[in-house]
Amino acid sequence: MTNLKAGDKAIPFKLPGVDDKEHSFDDYAGESAVVVIFSCNHCPYVRAWEDRMVQIQADYVGKGVQLVAINANDESKYPDDSFPKMKERAREKKFNFPYLRDEMQSVARAYGAERTPEVFLFDRNSVLRYHGTIDDNYDDPKAVKEHYLRRALDAVLAGRPVSIAETKPVGCSIKWK
Amino acid sequence: MKIRFLYFEDCPSHDEALQRLRRSTEAEGISADVEIVRVETAEDAEKFKFIGSPTITVNGQDIDPPAKPHYALTCRGYRLEDGRISPLPSEAMIRRALREAKTKES
């Protein structure tokens, strides 16, 4: 279960990205919204959703929204989740957001993340406004009825309360060491 | 015809996958029972040659055999007809496998 609830402040982190640079949450502190998504390479739920993650970033970049994906999986058991493989995936799928490696799994544990993908949306004050899944249909993007993350972003950007602030994350379990 | 459905409880797609399998057997007029196997340990994964959840085999043949099988307690992805990856096999994929098995048996 997540260690954060709506209204809590973001937990800072500093992690290496696939661009070989260090990325911290504070790098994005001036943005209108920061979307931290615990993710990985191997999970088919992430693979089903990752094009939508790219599209969300593309659609909202002009509004000051920054997605940040974090992979905390144990690569010894899931070699597809290694850092070199992350770099390949980011290139292949043209990720337009940072893709970070949480090798020690400390950030995932601090956040209480359990699944991939699992979304934490923070507003410009680094306050958690939405936690959960991206939308209601991992299988078919055309059949999505509830665009939870998009709807939460629209509310945050408009200064409105988020009507659905919490959904159950759907995906693979984070692979702990 | 021997149909086996293997799943790992941690992967959330198994209920829907089983429903798709049942709809598919009905649509193909197949009355064979579906053996349901819950895979719980890494040893089970090796024993059952479990590629990931959900897995459907028909007469011992995976409906979507991977090029390099790796047995583990994990979720698996299926490449759908339109090229997307999904945690679920499509009904078209399941029905194709059932029809092929029926043809081989007749």
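Residues numbered from 1 in each chain as written. Chains lettered and ligands numbered in written order. Predicted model: local features only at pLDDT ≥ 70, side-chain atom pairs only at ≥ 80, totals over all residues.

1. Some words on the overall build of chain B
Inclusion rule: Note on conventions: DSSP H or I runs of at least 4 residues are helices, E runs of at least 2 residues are strands, and numbering of each starts at the N terminus. Two things to know: the radius of gyration comes from C-alpha atoms, and the globule rule equals 2.2 Å times the number of residues to the power 0.38. Placing C-beta atoms from the backbone, we regard two residues as in contact once those atoms come within 7 Å.
Each helix and strand in chain B was counted, giving three helices and six strands. Reading the secondary structure of chain B in the N-to-C direction produces β-α-β-α-β-β-β-β-α. Since a compact globule built from 106 residues should have a radius of gyration of about 13 Å, the 13 Å found for chain B is in line with a globular shape. Of the contacts made within chain B by residues no fewer than 6 positions apart, 68% connect residues no fewer than 24 positions apart.

2. A short note on the overall build of chain A
Of the regular secondary structure elements, chain A holds four helices and nine strands. Secondary structure elements in chain A, listed N-terminal to C-terminal, are β-β-β-α-β-α-β-α-β-β-β-α-β. Against the globule reference of 16 Å for 177 residues, chain A gives a C-alpha radius of gyration of 15 Å, in line with a compact fold. With respect to the principal axes defined by its C-alpha atoms, chain A has extents near 45 × 35 × 30 Å. Restricting to contacts in chain A with at least 6 residues of sequence separation, those with at least 24 account for 75%.

3. Considering the sheet that holds strand β5 (residues 99-101) of chain A
Residue and element names in this part refer to chain A. Basically, it comes down to this: Here, any two strands with at least 2 DSSP bridges between them count as paired. Here an angle of 0 to 180 degrees is reported between the N-to-C directions of two axes, which are lines fitted to C-alpha atoms, with helices fitted over the stretch in contact.
Across the sheet, which stays open at both edges, the five strands sit in the order β5-β4-β3-β7-β8 with mixed pairing between neighbours. Here the strands that pair on one side only, and so sit at the sheet edges, are β5 and β8 (128-132). Between one strand and the next, the sheet's axes are offset by a mean angle of 20 degrees, whatever the strand orientation. As defined by bridge partners, strand β7 (residues 118-123) adjoins β8 across four bridges and the pair is classed as antiparallel. Bridge pairing in β8 links leucine 121 to tyrosine 130. Sheet contacts for helix α1 (residues 44-60): β3 (33-39) and β4 (65-71); angle to β4, the most-contacted strand, approximately 155 degrees. Sheet contacts for helix α4 (residues 148-158): β3, β4, β7 and β8; angle to β7, the most-contacted strand, approximately 5 degrees.

4. What to know about the sheet that holds strand β3 (residues 55-58) of chain B
Residue and element names in this part refer to chain B. Pairing is mixed in the open sheet, where four strands are placed in the order β2-β1-β3-β4. Looking at which strands have only one partner, the edges of the open sheet turn out to be β2 (34-38) and β4 (61-62). Inspection of the sheet shows strand β1 (residues 3-7) paired to β2 by five bridges, in the parallel sense. Bridged to phenylalanine 5 within β2 is isoleucine 36.

5. Observations regarding the confidence of the model for chain B
Operational definition: Per residue, pLDDT measures the predictor's confidence, with a range of 0 to 100.
Confidence along chain B averages 94 in pLDDT terms, with 100% of residues attaining 70 or more. Our summary of model confidence lists the complex with pTM equal to 0.94 and ipTM equal to 0.90.

6. Overview of α4 of chain A
All names here are of chain A. The condition that has to hold: Each residue is classified by how many other C-beta atoms fall within 10 Å of its C-beta atom, where C-beta atoms are placed from the backbone; a count of 20 or more means buried, 12 or fewer means exposed, and values in between mean partly exposed. It is the directions from the helix axis to the C-beta atoms that the arc portrays.
If you check which residues of α4 are buried, you get Tyr148, Leu149, Ala152, Leu153 and Val156. Looking straight down α4, one finds its buried side chains confined to an arc of 130 degrees; they lie on one side. Against β3, α1, β4, β7 and β8 lie the buried residues of α4. The first or second residue beyond α4 is glycine 159, which carries a positive phi of 75 degrees.

7. Quick notes on the environment of glutamate 91 of chain B
Residues and elements named next belong to chain B. Relative to the helices and strands, glutamate 91 is located in helix α3 (residues 91-105). C-alpha of glutamate 91 to C-alpha of alanine 27: the two residues are 64 residues apart in sequence and 9.9 Å apart in space. The contacts of glutamate 91, once residues within four sequence positions are left out, are Arg20, Arg23 and Ser24.

8. Remarks on the pairing of β8 of chain A
In terms of burial, β8 of chain A is a largely internal element, four of the five residues being buried. Hairpin geometry of β7 of chain A and β8 of chain A is characterised by an intervening segment of four residues between the two adjacent antiparallel strands and by a positive phi of about 65 degrees at serine 126 of chain A.

9. A word on the interface of chain A and chain B
To keep things clear, this is the line we draw: Each residue receives one of three labels: charged for Asp, Glu, Lys and Arg, nonpolar for Ala, Val, Leu, Ile, Met, Phe, Trp, Tyr, Cys and Pro, and polar for the others, Gly being one of them.
With 10 residues of chain A at the interface, the matching set in chain B holds 11 residues. Of all the secondary structure elements, the ones that give two or more residues to the side of chain A that touches chain B are α1 and β9 (172-173) of chain A. Residue contributions to the side of chain A that touches chain B peak at four residues, all from α1 of chain A. When the residues that make up the side of chain A that touches chain B are grouped by side-chain class, the tally is seven nonpolar, one polar and two charged.

10. Some remarks on the packing of helix α1 (residues 14-27) of chain B against α3 of chain B
Residues and elements named next belong to chain B. Just so we agree on the cut-off: Working definition: roughly parallel below 35 degrees, roughly antiparallel above 145 degrees, roughly perpendicular at 65 to 115 degrees, and oblique for all remaining angles. Helix crossings fall into two classes, left-handed where the near helix is turned counterclockwise from the far one by less than a right angle and right-handed where it is turned clockwise.
Here α1 crosses α3 at 50 degrees, and the two axes come no closer than 9 Å. Taken as axis vectors, α1 and α3 run oblique relative to one another. In the crossing of α1 with α3, the sense of the turn from one axis to the other is right-handed. From α1, Arg20, Leu21, Arg23, Ser24, Thr25 and Ala27 reach across to α3, where they touch Glu91, Ile94, Arg95 and Leu98.

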